[in-house]
Each structure stands twice: as structure tokens, then as C-alpha cells.
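Structural features, examined
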Amino acid sequence: MPKGSTRFAQNDVSRRTFLSSTAAAGVLATLAPSLLTASAARAAVADGEVFSASHWGAFTATVQDGQWTKITPWEKDPHPSHQLEGVLDSVYSPTRIKYPMVRRAYLENGPGSSNETRGQDDFVRVSWDQALELVVKELKRVEETYGPTGTYAGSYGWKSPGKLHNCQNLLRRMMNIKGNFVNSAGDYSTGASQVIMPHVMGTLEVYEQQTTWPVVAEHTELFVIWGADPMVTNQIGWIIPDHGAYPGMQAYKDTGKPVICIDPVRTESCDFFDAEWIAPKPQTDVAMMLGIAHTLYEEKLHDADFLDEYTFGFDKFLPYLIGESDGVPKTAEWAAEICSVPADKIKELARLFASKRTMLSSGWSLQRQHHGEQRHWMLVTLACMLGQIGLPGGGFGLSYHYSSGGSPGASGPVLSGITDGGKAVDGAAWLTESGAATIPLARVVDMLEGPGSDFNFNGKTQKYPDVKMVYWVGGNPFAHHQDRNRMVKAWQKLETVVVHDFQWTATARFADIVLPATTSYERNDIEQYGDYSLKAIIGMKKIVDPLFEARSDFDIFTDISARLGNERAFTEGKTELDWIKGFYEGAEKQASAKNTEMPDFDAFWDKGYVEFPVTEEGRTYVRYADFREDPLLEPLGTPSGLIEIYSNNIEKMGYDDCPPHPTWMEPVERLDGPNAKFPLHVTTSHPRGRLHSQLNGTVLRKTYTVADREPCLINTDDAAARGIADGDIVRIFNDRGQLLSGATVTDAIRPGVIRVCEGGWYDPVEPGTDGSLDAYGDVNNVTVDIGTSSLAQANCGHTAIADVEKFTGEVPAVKVFSTPANA
Amino acid sequence: MEQAIDTRPGTLTAPERAAVYDWLAGIFAREMSPQAIETYRGNNGRTFLNQMASHPPLVPLTDHLHRITAGRESPESLSMELSVRFASLFLGAGGKRSAPPYESVYSNDSNLLYQKQTAQTQAALSAFGLSVSDLFPEPPDHISVQLAFMAHLARRAEQAASSRHLQEEYEVQRVFLATRLLSWIEKFLDHCVNADPDGFYTTAAVSMVTFVKDDAAHL
């Protein structure tokens, strides 16, 4: 007992006078605010069922007593994702950001205070008014002090779907109306391919409809899955997934025709199709493809007519392939030395591909590696040599694993959405060049470390701006960016970091001002169903009222704009429902031009969705059939109008790390590569039980963690050599960082490779300390943070070698989810 | 003995019980403002604390308050220290261990907010024509709402017209304490102890738990 107790105990206050004085009663009135009112409960949404949607699918929410109690997949969803359960869970997570919060040192001492303690500092609650005043004051100060390039608002991430509450657009809309800012180009998924493919195919390729699954089931004789796991990744969609790939894959499987999976991991898809599994060393795919190409050429299995009529530059590539230009013929034997797949198998693949109608599908892991641009360029070259591009079921496809590419399409209208308010610029929207400056987004840490220094990007040389403030909404760079320790240090340079989110992600923990955003289930929106099929428009109805003091990003940016004197420009005088109705009515006009009937908005909103029938054209779509039919009338968007196996434009750029034709180059580090310092490759696949880092903080974790950590697949021999047993906690480490993980010992991964899926929440045992052990398992502690090449400057999230050992120290608790069960 | 406490064996009058419940509700409802600290330091505040200290379960809390307000630290600075602990424990900030102040978290394997306990507490409030104030955007199973509801029930009992009615009022209180607060506040306290063993809010939770258990025993 503290000393004071004696004095209090001796105090002569009788029971009778306990709180009898008016003064004391008055004190109580000031100390205890009235928490209850004599009235009905806060206006809540009515009990019943609400139809809504998410990245994981459309669903019906059951609301009881004003609470969301159950989530049921839409009956029209052919393959609902088990992750839906985590959606409901995320809304009611104890780790919700409940109130506006400010880092203590920042609140007490202002911008730039104690930046080195970001990530370990305490937060305190402030009122919305105080929080928004801080944000507005800082936006103004940074602009006045450092100019328009002082603020980075290139915020990236898997924001929620919905045409209105597109937080990235809303942020840039607020910033564009206010003035200017540093923007970003590209994304972490396909950063290399989306820059090289326009040079090669004249389109992005990665986000486009594929030859449909019914066509594949009917015509394809061999389906190759090169570095992808479509059974896993098609669960999610950038908008609302229709899961059309699942019946498509089932239909192909039912034909009994073969599938080959080329992957370091025997994937769920490999098991589903009972496919042949070929496991080259990671990052050596270009060499393996060259070996196949060389065999095709040597054995005259290549389609010279196709190469002649539809492609440009094979003649300039050929000397490299056969070794005339560099003295190294890219034979199957040469490739086998590099990729470890036997030369006979490489030759067999070449003959097999040439003998059948072959679809070469590939995921994006291949291009999230050093020199990632070369992978899909070489895959396209291989497909050109096979000569089946534009034929039903042949060619190549870079989106069969994503958002159900190949799901047959409808002829419905396209919904517009809220714009970022920036000036229209030439080129694709995904390579936005609005803003005072634009950086390739995966180079954000390079930018922070090297203001004023030059960087190359797709033929241009620019200087990194000197950014002092970062504004991030609906994204988690402390999950998706590489080399976590380097990033933590670079973040310390920033004077102010503002984050909107609904959960305490690592990014929120490393911020100064944290604003509580609603989940998309606490606001109304509208979105399309089927990323490629566009089979329906769905009203994403609010299910429950905003929790705690959460506000929608639209409301937050409206309020900020109002404080900057720009409210009218930001909202255009329209409410949430006005905007939604406007998008719908725009679609109605398009539909009417196509003689398609749509119900009026009220009838649509009441029913919850409007469907559009799949057309015969949509069902039988064959990618590049038009081009094949008439390459002169339907030229590609490349300089030559043909598929460019050699690019004069890239040649002009003169990059030594991105030559003008597909080329094998040693990555900065790889399994058994020259001077490899560590013995294992770390592959960082997309997880089965979450969307990148989303839903990691939910009940779904119980479906995949090992020893409460992110699982690590390790080959039986590699585990035995290290005394690691199934279920052990292991430490994965290299010179960049270290993380704990739970071992799953298996033969479903090739020797020399371990796998930890990306998106595990960063959980440093000593936040802010360089090289801190990560208790949960964020694999980006060990990945390399360099650009794929001067061309695309994309991330290399699959480039990492490391070692692993059984962890024998005192096991730190996993704290990042703040689950009470751990306390 | 005065009329109001005739029919129950406890040591506090109904207004006293209500006052304690209200006070505890206020402590867990919001961070302590600099003004509240000034109040505790003033004469009226001292009297208030001394009076609260006459009830033994509250002594740890009144001692702790006396100790932290006795120093020379400015009200703003002290308020900041307490706010930081409040945010870490109750608002889910940062990766530190926390003690979410909601029954749902402790009464379900999922550890989620807004489970059936939230609706059940709302139902109990609704039965008396009450709801959570718009100024307090928290679910009904927040510790402070449940404590404030007990304060309300205690005040109601004071108005009871007859001894029989009074017994009925006590029964309502007994049931609410048994089904709601007593089912989880010790687990909540465990979390406070784990997360912040010597902190003010852990002491407040110690006094709160002791008081509620003592009150239930006397009902």
C-alpha cells in the first residue's frame, strides 16, 4: 500500500457523510459524464438481410439487433471463398482504429519530432476537429516550405472496391484541387510486365481478358501454368470477383487433358489438376525458356510463317539464341545447368508444346524478380515460335490466375467512378503522370534516401523529389514493400506521415496522424461483378453504421477540402447517394445505346443488383483472333504493329539491365548463383487465406498459422539437414533481416527453396531497431529492394536468398494482432 | 438506520452506490482531462476523494489518484501520461498488449467486438428505455456503459415505493451484475495487470472489481 493510504484510512469521514456534501456531488458531475440517455437506441440499420459485396465476392449479410451476425455467399457465386468469414471478423476486430490518434511526440512537439521512435511510440486520442486541423496545417506548411513536391500522395494498395469510396482517387482528388503532389506509377503486382508488355504487345496484357475457359476446355490440348496458383489467387478480385475461373478450370479438368505446373512449389492447382510438376530453380525461368526455344529452332519445330507474318525482330533475337552474338548457344544442356531441369526434359517440353494446342499461362511471380521484364517477354517469344497466338486455346495468357481471367463476358455497360480530379494525360491511367512529379511506386524508399538523385524509368531520366510528408490511405506499405529494415530507417526522414485505415496495420503504427476510416461495410457504394466478365452491377449497401468515430474516406476528404476552402470543388455538391446514382445513370445511358434495358436506380438499389447476360461473343472470345485474322487491319499498338521480339525503342534507351530482346541475365542473387551467400531461395507466394496483408488480423489465421506464426514450407531434406521438425519455430535470416516462422516440412516444395507467403503483418520484437527479429513472419524482412531494371523499376519481391535454422531462443509473443488471447 | 438502507445489508446508501458506479464509469469512459486533474487537486476534489476512500474497496484507487495528483507535474503533462496508457490499453493503439473494455471480447472464443453480449446489454438498457448517448460512440457492452447502467438501477431503487418493489429492484441489479459485469470483469482485470501492472488503470480496475464484487455480495 502506498503511504497515502494510511492518511486516507484515518480520515474521519463517517459513512453518513459519504458524498453528502454538495461540493462532492458537484465534483462527481464533472468527473462522470452522462453515458446513457432516455431514448431508443441510436438509429441503426434495420434488422434483416443486406446484400453487399467485397474483394472476396458478393454476399448477404444478416443483421440482428443492429449487429452483423452472419455472412452468406451469394447463391449465384459458383465458388465462394472461405475468406468471406474473415470479412465479417475484420469489421469487429479489437484492433479497429476507433478514434483519430496522434503519435505522442508529434502531438507534443510538432512535425519531425523523434522520428527515430516511429513504430514504437505511444499514441493518444484527439478529436476529429483537432486531427483534421493538424492535417490541414501540415499540408499547408509542407507546401509553403517545400513546394508541391514536398508531399507524396502516391498511396498504393488494395483499397476496398466501390466506384465512390476509392480512397486513392479521393486522396489525389483532394490533393489535386488543393495544388500538387508527388504521385506514383505502376503497382506491386505486375510492375515489370505492365511496362514491358506495351513495348512487346502494345497492351498491358496482365489486366486483360483471356481466351475464355470454355474455349480452353474445348480446344487446348496442354495447359501450362508457369509460376502461378490460380486455384488460390482467383479467390480475390480487384472489384467483385465472379469466380468464373473455377467452373472453367473444372471444365478443363473434366476433359482429362494434361496440365503442367512449372513452379518451385507443388501448388494447390497442381494437385487439383493432378498435373505434372516441374520445379526449376527460382529466377531461372528465362534460361529454361531459352532452352525450350533453342530446341524448337534446332529441331525445326518453330513456326517460321507465324514469326514472319506476326512478329518483328526474331532475326535479331536468333543470333543470341543460337550463340552467334555471344558465343553461347542457349541449348537445353546450357539451360539445364542453370535451371536444374534435365536437358532431356527441356527438349521433351519443346516437342510436347509444339505437338499440341498449348496454352502457356503464367503468373506474375516471375516478373517480381530482378530482371523481371525478361520473363514474360521470353514467354511471348516462345509462344510466337509455337505460332498459336490467336488460335482457339493456344498462345499465352498472363491473367488466368487473376480475378478470373477467362470468365466469359457479358455485354453490359461499364460503370464510371469518382476521378482523382487531375488533368487527363496521354497514356494508360495506370501509369498516371499527373502530379508535380511521378515515381515508379516501388522506388519509394530510393526516393526517400536519395532526393535529387537521378533515376531511370521507361526511357526517361528524372530526379527524385525531396519528400517531407507522406499521406497513405487504404494500403499497407509496411507489408508490400521489400527490405523492411531499410524502409523503417528511410521512413524516419519524413516529417509527417498521415494514414487512414480501419485496423492498426504496421503502416498505421509507423504513422504520426492516424484517422479511423470505415470499412466498406459501413457505407454505401456501387461496383461491377466480374473483373473481366462484367456480368452484373451490384449495390454495395451499408450493412452497419460506422463503428466508434470512423468516417468514410469521402467524408474525411470532404472535411479537409472544406477546411482548405475547396468543399464544393471536391463534392461537386453531391452526397454519397447522389454520386452512386450518377454512376448508375451513366451506365444506363450506355446500356440504352446498346438497346439493353436496365431498371431505374431505385428499382436497382432495392433489388441490390442488375445482371447482364453472357453473350455468345463473350463466351467464345479468343485473344488475338482479330490480329491473327488480319494483322494489317488489326495491328497491335506497338511501333511495328506486330509482336516485338526485338524493340527498337528499348534499344534506344540503352539500358544494360534491359537489353532490346529477351535475355538471360544473372539476378543480383539466386539459389546456387555466382557468389550466393546463402543456401536457400525464399519464395513469397500470394497466401491462400488472405488478400496480401488483408484479413491477416482475423479468424482466418487459425486456418494456416504454424506455432502461431506465418508458415514456412521447407523440403524434407533441407529440414532434416538442419534438425527442423514439422511444427518447429524457425528463424529465417540473411544480411537484410530476420523473421520467425512455423515450419511445415513437406516434399511439396523443391529442395533449396523455402516459402513464406507475403502479407504477414510486420511484428518487430524491437520496433524501430535495425534488424529486429520479426515475431510473426513478414517475409519482406529478407527480400531485396531494388528495381527490376531501369525500364520498369518494379519490385523484386521474389528475389531473396537466406538461410533457416531451428529457433532455440526465448520465443517472443506475437503482438501485432493484439488478440487478447495472447495477453 | 435510515429508511433507504433498511432493507439491505450493505454499507452504502443507494445514492452512494450510484455515485461510485458513475465515478468508475467515468474513469473507464474517457481519458482524464487536465480539468479533471485540477478538480482532484482542488479542495472539493480532495473532499470527494476522502469520502470515496471511506469505502474500503475504493482505497487503492483513491490512494493512486492522491499519489499521482500530489506531485508538481502539470495537469497537461499528467493528463498526457494517462491518455497514452488509456489509448494503449483501451483504444487498441500500437502493438502492445491491451485490455479491450468490452464484454464480448472476453466471453467468446473469437475475441471479437459486437457479439451477442453487446445485443444483450442493449436489451437490458432498452427494457428501461435507455440507450448509449450519441456522445459516447461505444458499444453497449463497454465497461463504462454497464457501470453507468448499475448507477441508474441504484438510483431507481431509491425511488421504490415499497419494500416489495425494492426487492424487485434489487433482483434486477443482482441479475445484471451476475449475467453481465461479474462474468467478465476479472478477466478484464487480468489483462490490465498483464499489460500495465503498476499503472493507474490497473489500480482503477482492481478497485472496480473489488467494489462490484462487494456490492453484489451485499445485494
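For every chain, the first residue of the written sequence is number 1, and numbering continues from 1 along that sequence. Chain letters start at A and ligand numbers start at 1, both assigned in the order the entries are written. The model is predicted, so local features are restricted to residues of pLDDT at least 70 and side-chain atom pairs to those at 80 or more, both for listing and for counting; the totals for chains, interfaces and linings are taken over all residues. Excluding hydrogens and water, the side-chain values take into account all heavy atoms of the structure.

For the rest of this paragraph, the subject is the overall build of chain A. Numbered from the N terminus, helices here are DSSP runs of H or I no shorter than four residues, and strands are runs of E no shorter than two. Helix and strand counts for chain A stand at 29 helices and 31 strands. Its C-alpha atoms give chain A a radius of gyration of 28 Å, near enough to 28 Å, the size a compact globule of 823 residues would have. Taken over the C-alpha atoms alone, chain A extends approximately 105 × 65 × 55 Å along its principal axes. Out of the 823 residues belonging to chain A, those deemed buried represent 65%. With the radius of gyration taken over C-alpha atoms, the globule rule is written as 2.2 Å times the number of residues to the power 0.38. Each residue's exposure class comes from its accessible area (1.4 Å probe, protein chains only) as a fraction of the maximum for that residue type: buried when under 20%, exposed when over 50%, partly exposed otherwise.

The next subject is the overall build of chain B. Within chain B one finds 11 helices and one strand. Scanning chain B from its N terminus toward the C terminus, one meets helices and strands in the order α-α-α-α-α-α-α-α-β-α-α-α. Computed over its C-alpha atoms, the radius of gyration of chain B comes to 17 Å, within 12% of the 17 Å expected for a compact globule of 219 residues. If you line up chain B on its principal axes, its C-alpha atoms span 50 × 45 × 30 Å. Taken across its 219 residues, chain B has 62% of its residues classed as buried. For chain B, long-range pairs separated by at least 24 residues make up 68% of all intrachain contacts whose partners lie at least 6 apart in sequence. Of the roughly 7800 Å² that chain B leaves accessible, carbon and sulfur atoms contribute 51%. Averaging the coordinates of the 18 positive side-chain charges in chain B and doing the same for the 25 negative ones gives two points 2 Å apart. Contacts were defined at the residue level, with two residues in contact if any of their heavy atoms lie within 4.5 Å. Surface exposure here means Shrake-Rupley accessible area, sampled with a 1.4 Å probe, where a residue is shielded only by the protein chains that are shown. All tallies of charge rest on Lys and Arg as positive and Asp and Glu as negative; His and the ends of each chain are not included. A single reference atom marks each charge: NZ on Lys, CZ on Arg, CG on Asp, CD on Glu.

Turning next to the pattern of salt bridges. Salt bridge, as applied in this entry: a Lys or Arg side-chain nitrogen positioned within 4 Å of an Asp or Glu carboxyl oxygen. Enumeration according to the criterion identifies 56 salt bridges over all chains in this entry. Across the pair lysine 178 of chain A and glutamate 143 of chain A runs a salt bridge whose closest N-O atoms are separated by 2.3 Å. Residue lysine 178 of chain A is located in helix α6 (residues 167-178), and its partner glutamate 143 of chain A is located in helix α5 (residues 128-146); the two are separated by 35 residues in the primary sequence. A relative accessible area of 27% places glutamate 143 of chain A in the partly exposed class. For arginine 180 of chain B, the salt bridge is made with glutamate 103 of chain B, and the minimal N-O distance between the two is 2.8 Å. Of this pair, arginine 180 of chain B sits in helix α10 (residues 163-195) while glutamate 103 of chain B is found in helix α7 (residues 103-107), placing the two residues 77 residues apart along the sequence. Take arginine 180 of chain B and glutamate 103 of chain B: they sit in the same class, and that class is buried. One network of salt bridges, with partners in common, ties together Asp129, Glu133, Arg551, Asp559 and Arg563 of chain A.

Turning to the interface of chain A and chain B, a few remarks are in order. Each partner contributes residues to the interface: chain A has 64 residues there, and chain B has 80 residues. For the chain A and chain B pair, buried surface summed over both sides reaches about 6200 Å², with 62% attributable to carbon and sulfur atoms. The interface formed by chain A and chain B holds two salt bridges in total. With a closest N to O distance of 2.9 Å, glutamate 31 of chain B and arginine 125 of chain A form a salt bridge. Under the rule applied, a polar contact is a pair of N or O atoms within 3.5 Å (in protein, one hydrogen donor and one hydrogen acceptor; residues adjacent in sequence only if both atoms are side-chain atoms). Applying the counting rule to chain A against chain B returns 12 residue pairs in polar contact (both at pLDDT 80 or more). Gly falls in the polar group here, along with every residue not listed as nonpolar (Ala, Val, Leu, Ile, Met, Phe, Trp, Tyr, Cys, Pro) or charged (Asp, Glu, Lys, Arg). Of the residues belonging to the side of chain A that touches chain B, the class tally is 32 nonpolar, 15 polar and 17 charged. Note: two strands are recorded as paired if DSSP finds a minimum of 2 bridges between them. When strand β1 (residues 36-37) of chain A meets strand β1 (residues 131-132) of chain B, the two strands line up antiparallel, connected through two bridges. Looking at β1 of chain B, one finds that threonine 37 of chain A is bridged to serine 131 of chain B. Accessible area that two parts lose when put together, with a 1.4 Å probe and added across both, is what the buried area reports.

Within the largest apolar cluster, 217 residues are counted, with the highest numbers of intra-cluster contacts made by Trp68 and Trp491 of chain A together with Trp23 and Phe28 of chain B. If you tally residues by element for this core, the top one is α10 of chain B, at 11 residues. What tryptophan 23 of chain B contacts, discounting residues up to four positions off in sequence, is Leu28, Leu31 and Ala32 of chain A together with Tyr40, Phe48, Leu49, Met52, Leu58, Leu61, Thr62 and Leu65 of chain B. Take the buried residues of types Ala, Val, Leu, Ile, Met, Phe, Trp, Tyr and Cys, join any two whose side-chain atoms come within 4.5 Å, and each joined set is a nonpolar core. Of all hydrophobic cores here, the second largest spans 48 residues; its members include Leu132, Met175, Ile580 and Ala591 of chain A.

It is worth spelling out the domain arrangement of chain A at this point. Residues and elements named next belong to chain A. Along its sequence, chain A is organised into domain 1 (101-186 + 421-529 + 542-573), domain 2 (203-407 + 622-653) and domain 3 (680-822). With 29 residues of domain 1 at the interface, the matching set in domain 3 holds 34 residues. The junction of domain 1 with domain 3 conceals about 2500 Å² of combined surface from both sides, 46% of it contributed by carbon and sulfur atoms. Considering only the side of domain 1, the residues that lose the most area to domain 3 are Trp158, Gln482 and Asn485, jointly responsible for 26% of the buried surface there. Segmentation of the chain into domains, including their bounds, is taken from an automatic or database domain assignment.

Attention now goes to helix α6 (residues 75-90) of chain B. Residue and element names in this part refer to chain B. Any helix carries an expected span of 1.5 Å times its number of residues minus one. The end-to-end C-alpha distance of α6 is 21 Å, a good match for the 22 Å that 16 residues give at a rise of 1.5 Å each. With 12 of 16 residues buried, α6 is to be regarded as a mostly interior element. Among the residues of α6, those classed as buried are Pro75, Leu78, Ser79, Met80, Leu82, Ser83, Val84, Phe86, Ala87, Ser88, Leu89 and Phe90.

Residues and elements named next belong to chain A. Pairing in this open sheet of five strands is parallel, and the strands run β11-β10-β9-β13-β14 from one edge to the other. The outermost strands of the open sheet, each flanked by one partner alone, are β11 (276-278) and β14 (395-397). Taking the axes of each pair of neighbouring strands and ignoring which way they run, one obtains an average angle of 20° across the sheet. Bridge count for strand β9 (residues 222-226) against strand β13 (residues 358-362) is five bridges, and the pairing is parallel. Paired with phenylalanine 223 across the bridge in β13 is methionine 359. Axes, fitted as lines to C-alpha atoms, cover a helix only where it is in contact. Angles between the N-to-C directions of the axes lie from 0 to 180 degrees. Lying on the sheet, helix α12 (residues 285-298) is in contact with β9, β10 (259-262) and β11; it crosses β9 at an angle near 150°.

Turning next to the packing of aromatic side chains. Between rings of Phe, Tyr and Trp, where Trp is taken as its six-membered ring, a pair exists when centres lie within 6.5 Å; planes separated by under 30 degrees are stacked, by over 60 edge-to-face, and by other angles tilted. This structure, assessed with the given rule, holds 58 aromatic pairs over all chains. Aromatic pair tyrosine 21 of chain B and phenylalanine 211 of chain B: ring centres 4.9 Å apart, planes at 75°, arrangement edge-to-face. Placement of tyrosine 21 of chain B in helix α2 (residues 14-29) and of phenylalanine 211 of chain B in helix α11 (residues 200-218) is noted, with a sequence separation of 190 residues between them. Assigned by exposure class, tyrosine 21 of chain B and phenylalanine 211 of chain B land together as buried. Positioned over the ring face of tyrosine 320 of chain A is lysine 330 of chain A, at 3.8 Å from the centre of the ring. The criterion for a charge sitting over a ring is simple: Lys NZ or Arg CZ within 6 Å of the ring centre, and within 35 degrees of the ring normal. The ring of tryptophan 334 of chain A has lysine 330 of chain A sitting right over it, with the charged end atom 5.9 Å from the ring centre.

For the rest of this paragraph, the subject is the pairing of strand β18 (residues 469-473) of chain A. All names here are of chain A. For β18, a buried count of five out of five residues is recorded, marking the element as mostly surrounded by other parts of the structure. Side chains Met469, Tyr471 and Val473 of β18 all project onto a buried face; the interleaved residues Val470 and Trp472 project onto the opposite face, where all are buried too. Inspection of the sheet shows strand β7 (residues 151-152) paired to β18 by two bridges, in the parallel sense. Within β18, the residue paired with threonine 151 across the bridge is methionine 469. Direction of pairing for β18 relative to strand β19 (residues 496-501): parallel, over a ladder of five bridges. Residue pairing for β19: valine 470 is matched across the bridge by valine 497.

Attention shifts here to the confidence of the model for chain A. Residue and element names in this part refer to chain A. Summing up the model confidence of chain A, the mean pLDDT is 93 and the portion of residues at 70 or higher is 95%. Confidence scores here are pLDDT values: one per residue, from the predictor, ranging 0 to 100. The low-confidence segment residues 424-432, where pLDDT is below 50, has 14 contacts with residues more than four positions distant or belonging to other chains. Under a pLDDT of 50 for its full length, residues 819-823 has, in the predicted model, 13 contacts with residues more than four places off or in other chains.

Looking now at the sheet that holds strand β3 (residues 57-64) of chain A. Think of a sheet as strands paired side by side through backbone hydrogen bonds, with each pair either parallel or antiparallel. All names here are of chain A. The antiparallel open sheet is built from three strands, whose spatial order is β2-β3-β4. With one partner strand each, in any of the chains shown, β2 (48-54) and β4 (67-73) form the two edges of the open sheet. Direction aside, neighbouring strands of the sheet carry axes that sit 30° apart on average. Sheet topology note: the β3/β4 ladder contains six bridges and is antiparallel. Bridge assignment links glutamine 64 to a residue of β4, and that residue is glutamine 67. Most of the contacts of helix α3 (residues 84-91) go to β4, to which it runs at about 165°, and overall it touches β2, β3 and β4.

Turning our attention to the environment of leucine 182 of chain B. All names here are of chain B. Position of leucine 182 relative to the elements: it lies in helix α10. Between the C-alpha atom of leucine 182 and that of alanine 119, which follows or precedes it by 63 residues, the distance is 17 Å. In this structure leucine 182 touches Leu177, Val212, Lys213 and Ala216, once residues within four positions along its chain are discounted.

As a further point, take unusual backbone geometry. Residue and element names in this part refer to chain A. A positive phi angle, close to 50°, is found at aspartate 274, a residue other than glycine. Inspection of the secondary structure assignment puts aspartate 274 in the loop between α11 (268-273) and β11. Even without a glycine there, the phi angle at asparagine 595 is positive, about 60°. Within the secondary structure, asparagine 595 sits in the loop between α24 (576-593) and α25 (601-607). Taking the relative accessible area as the measure of exposure, asparagine 595 reaches 73% and is therefore exposed.

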